[in-house]
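# Architecture and fold: a report
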Amino acid sequence: MQPRRQTPPAAAILAVGLVTVLVAVVSLPSAFAYPSGAGAGACTYGRPGGGSGSSTSHGTLQSGNGGFSLSFSPSVSGGYTPNQQYTVTVSGSISFAGFLVRVQEGTLTAGARNRLTCSNEAVTHSEQLGVTSISFSWQAPAAGDVDFRTTTLDQMSRNSGRFWIFNTVISPSASATTGTTTTTTTTTTTTTTNTCSGLSADCAALNRTACEYASVPDTCGPCLDGFYEINGNRTSKNTDSCRPCDSACETCEDATRACTVCKTGFEKSPLLCLPISDKDFSLGSSLTTAGCTFDCPVEARWGREGARMHFELIIRGRSDVTWAGIAFSTTPQMPNSDVLTAHIDAEGRVSVVNRWASQYARPPADADQSGIDGIAGAVNSTTFHVEFSRQLEPINSNDADFTSSENTYYVLVAFGSGDFAMHAPTGQAASPIISASTIDLRSTGTVTTTNPTNARTATIVHGLLMVAAWILLSPSAIFIAHNIKFVGPAWFSLHKYMQLGAIMLTTAGFVIIFEDLGEFQYGTHEVLGVLVFSFCLFQGLLGFTRNIISGKPEDSKDPDDHGPRRWLFNYLHWTFGAVTSILAIVTIGYGLDKLGTESSAFIVLYVWLAIDGTAAFVSAVLKSLDLHMDNALLVTTAFFVAVSTGAAVTLGILIERTPEFK
């Protein structure tokens, strides 16, 4: 008996297809979650991303509490014990991606996977969650009712994200309150409507916000921005006890009047806001639009003065600019960069946020925002202009270090339009300007600018090549090999040349991005990419040596005699092919996430994976029936190739239009 053709059984085809889909879907990074917690915009109303409406950049407000609740340890069923330390747990029947709990009474302490925000009056997630509960600590105040406002968010997506806002009010225990015989814990909810009626006072005349919660319709809210509570009693919200802050102060503390946020053009001293002094840039450098020397469209200046590094960003000739950023990196690209972003809102208020960009988009805010001052700026119909200062020493572990001339960085400057979301500007950015080499920010002179499109172009081309190789060519070649061998030798030519094309595109994409980076960057996408490239080359080597591995046929005239060890080649080829395909899809998912591609790219990828699994299942069933349904197999394969072509083209478009700096 001569060895016959060994082809994978139908069960093997089905297993490979389904395992590919399952592993890829489980391994792909989330397309919707932003990891580092709620920002200042969410403090006032509890809406993720800021604002007071029922729909935000992170989803839509739902009625009720969504099955979420707050629990306390020790229990507060009989009221809280003054000055007692409690463990507070947010829990729900479904998992949540983010949360924000604000309480203005007592003292909060962050726990695992969360951090403080809103001037330490709230706690929020510090990394991407996917949990049904999370805890933090709270020390009760000496007296008074306590109102916890909780926001939970299932996923951060404008189209499908949902969030709930509810209030939990607790009172001191009976033993701690004179004349109190019973104490209850109540939970109220904020719904999509927040109308108020029956107010017992004119809130505007009291310099207060109207109706803080729909659940308490007869109570005014806290003092308006620019006013403070003279007696510090936050529960007396219908009284005439709001007084104006200092004229240079945006917001100030209750009772003490100490300024917490200064108006534009002023900076904080211990208690007051003082005018910002002129900054000295004589001992510094500048980076401008390439070839420009005067009144340039983009201009960045910096200079060291004492223990501070001053910065100035000017964008000219644009009427839509609302933010600008300057970044410091060891490579001429956004990933792994220390970023300082300045934003001017519609009321002319300037804010500067210290960020860390681990990828091409959505740089989250650093945990520690201290060390930045001297913030001033203005914007008009033609010019955006901001100034600020940062201490020389790093504030956070990833911050650039300006204390030594030995620390050199590429400098990148970008700008754009739009509002700030929870973590980053939402408006699209213009192409940044980049220094031609690493520089010492303590030196003086004009810095040479390089072509800002090189890094972006290399990244985009790399992504397009990998999508063409692993969404179109290689999967289509696999389907052809499994399903249409009945057409004769043509199937092998199609399979071989499509796989060779995938290998060539993968090699080109690998070389292009490595040449652009100049060095290997350790990350999930990069490590997986090296594995895919290595397995890809090994698969090509297997293909070229299949006859050597299989051995010499005993009957060269028998078309089914491929050699005594053909089984070894087949299973090596199938195993490494399946592993490489799975790794390639997961790597593309991490690449899309790192690039900052919009969430619709992940939807395209998931739909394509579902069709991949379905087509594999249909093919396996047709072949297992052994009904010689060649036309049906041909149609199934043609359908898959057409869908893969559409998916590759769509992903290519989404990759190409992704801005480098959002």
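Residues numbered from 1 in each chain as written. Predicted model: local features only at pLDDT ≥ 70, side-chain atom pairs only at ≥ 80, totals over all residues. Heavy atoms only, no water.

The name recorded for the chain in an unreviewed UniProt entry is Cytochrome b561 domain-containing protein, from Salpingoeca rosetta. The UniProt entry for the chain carries the following text under Cofactor (unreviewed entry): "heme b". (UniProt positions renumbered as here; feature names shortened; annotations may be inferred.)

### Examining the overall build of the chain
Within the chain one finds 8 helices and 30 strands. A burial count over the chain gives 46% of its 662 residues as buried. Long-range pairs, those at least 24 residues apart, make up 61% of the contacts in the chain between residues at least 6 apart in sequence. Accessible surface, the chain as shown: approximately 29,300 Å² in total, 57% of it carbon and sulfur. (Helix = DSSP H or I, 4+ residues; strand = E, 2+ residues; numbered from the N terminus. Buried < 20%, exposed > 50% of the residue type's maximum accessible area, 1.4 Å probe, protein only. Contact = heavy atoms within 4.5 Å. Areas by Shrake-Rupley, 256 points an atom, 1.4 Å probe, with all protein chains shown as cover.)

### Notes on the state of the cysteines
For the structure on display, the rule yields 2 disulfides. C223 shares a disulfide with C242; S-S distance 2.1 Å. Measuring the twist about the S-S bond at about -85 degrees, one finds the C223-C242 disulfide to be left-handed. Of this pair, C223 sits in the loop between β12 (186-190) and β13 (227-229) while C242 sits in strand β14 (residues 242-244), placing them 19 residues apart in sequence. Take C223 and C242: they sit in the same class, and that class is buried. (Disulfide = S-S within 2.5 Å.)

### Description of the pattern of salt bridges
Applying the stated criterion across every chain yields a total of 10 salt bridges. Here E229 and R208 are joined by a salt bridge, their closest N and O atoms 3.1 Å apart. Separated by 21 residues along the polypeptide, E229 in strand β13 and R208 in the loop between β12 and β13 bring together distant segments of the chain. Judged by its relative accessible area of 2%, E229 is buried. A cluster of three or more residues bridged by salt bridges with shared partners is formed by D295, E299 and R316. (Salt bridge = Lys/Arg side-chain N within 4 Å of Asp/Glu carboxyl O.)

### With respect to the sheet that holds strand β9 (residues 131-139)
Read from one edge to the other, the open sheet built from 4 strands follows the order β3-β4-β9-β6, with strand pairing classed as antiparallel. Two strands bound the open sheet, and with one partner strand each, they are β3 (69-73) and β6 (107-109). Between one strand and the next, the sheet's axes are offset by a mean angle of 30 degrees, whatever the strand orientation. As paired strands, β3 and strand β4 (residues 85-96) are joined by 5 bridges and run antiparallel to one another. Across the sheet, L70 pairs through a bridge with V90, a residue of β4. (Pairing = 2+ DSSP bridges. Axes fitted to C-alpha atoms, helices over the stretch in contact; angles between N-to-C directions.)

### Regarding the sheet that holds strand β20 (residues 298-305)
Within the open sheet, the 6 strands sit side by side as β25-β26-β21-β20-β19-β29. Their pairing is mixed. In this open sheet, the two edge strands, each paired with only one partner strand, are β25 (372-379) and β29 (445-447). Sheet twist, expressed as the mean angle between neighbouring strand axes with direction ignored, is 15 degrees. In the sheet, β20 pairs with strand β21 (residues 308-316) via 8 bridges, with the strands oriented antiparallel. Within β21, the position partnered with R304 by the bridge is M309.

### Remarks on the packing of helix α4 (residues 524-544) against helix α6 (residues 566-595)
The contact between α4 and α6 brings their axes to 8 Å, and the two run at 150 degrees. Comparing their axes, α6 and α4 come out roughly antiparallel. Handedness of the crossing formed by α4 with α6: left-handed. Among the residues forming the contact of α4 with α6, the class breakdown is 15 nonpolar, 10 polar and 2 charged. (Parallel < 35°, antiparallel > 145°, perpendicular 65-115°, else oblique. Left-handed = near helix turned anticlockwise from the far one by under 90°. Nonpolar A, V, L, I, M, F, W, Y, C, P; charged D, E, K, R; others polar.)

### A few points about the side chain of T637
Within the fold, T637 resides in helix α8 (residues 630-656). Classification of T637 as buried rests on a relative accessible area of 3%. Side-chain polar atoms of T637 contact the side chain of N483, separated by 3.2 Å. (Polar contact = N/O pair within 3.5 Å; in protein donor to acceptor, adjacent residues only side chain to side chain.)

### Regarding the confidence of the model for the chain
Taken residue by residue, the chain gives an average pLDDT of 78. The fraction at 70 or more is 78%. Element-level pLDDT for the chain is lowest in β12, with a mean of 45, against a maximum mean of 93 in β6. Contacts for the low-pLDDT stretch residues 23-34, under 50 throughout, to residues beyond four places or in other chains number 36 contacts. (pLDDT = per-residue confidence, 0-100.)

### Comments concerning α4
In this model, α4 (21 residues) spans 31 Å end to end at C-alpha, consistent with the 30 Å of a helix rising 1.5 Å per residue. Considered for burial, the residues of α4 that qualify are H525, E526, L528, V532, F533, C536, Q539, G540 and L542. (Expected span 1.5 Å × (residues − 1).)

### Quick notes on the environment of F402
Here F402 shows up in the loop between β26 (383-391) and β27 (410-416). A C-alpha to C-alpha distance of 4.7 Å links F402 and L392, two positions 10 residues apart in sequence. The residues touching F402, leaving out its near neighbours within four places in the chain, are M309, F311, F328, R390, Q391, L392, L441 and R442.

### Some remarks on the packing of aromatic side chains
Using the criterion set out here, one finds 19 aromatic pairs in the structure. Residues F68 and F96 carry aromatic rings whose centres are separated by 5.7 Å and whose planes lie at 80 degrees to one another, so their mutual orientation is edge-to-face. Residue F68 is located in the loop between β2 (59-61) and β3, and its partner F96 is located in strand β4; the two are separated by 28 residues in the primary sequence. Here F68 falls in the buried class, since its relative accessible area comes to 1%. Joined through ring pairs, the aromatic side chains of F72, Y80, Y86, W138 and F148 make up one cluster. (Phe/Tyr/Trp six-rings, centres within 6.5 Å; stacked < 30°, edge-to-face > 60°.)

### Focus on unusual backbone geometry
Most peptide bonds are trans, and most residues other than glycine sit at a negative phi. With an omega of 0 degrees, the peptide bond running from S73 to P74 counts as cis. Along the polypeptide, P74 turns up in the loop between β3 and β4. Positioned with a positive phi, S119 is a non-glycine residue whose angle comes to about 55 degrees. Relative to the elements of secondary structure, S119 occurs in the loop between β7 (114-117) and β8 (122-125). Positive phi, normally seen in glycine, also occurs at N120, with a value near 65 degrees. Topologically, N120 is positioned in the loop between β7 and β8. You can call N120 exposed: its relative accessible area is 53%.

### Looking at the side chain of S329
Looking at the secondary structure, you find S329 in strand β22 (residues 323-329). Its relative accessible area of 1% is what places S329 among the buried residues. At 2.9 Å, the side chain of S329 forms a polar contact with the backbone oxygen of T331. For S329, the contacting residues outside a window of four places in its chain are P335, N336, S337, Y409, Y410 and L412.

### Let's talk about a nonpolar patch on the surface
There is a patch of nonpolar side chains on the surface, built from F617, V618, V621, L625 and M629 and spanning about 380 Å² of accessible area. Among the secondary structure elements, V618 is positioned in helix α7 (residues 600-625). Look at V618 and you get partly exposed, because its relative accessible area is 33%. (Patch = residues over 30% accessible without salt bridge, like charges linked within 9 Å, V, L, I, M, F, W, Y side chains within 5 Å.)

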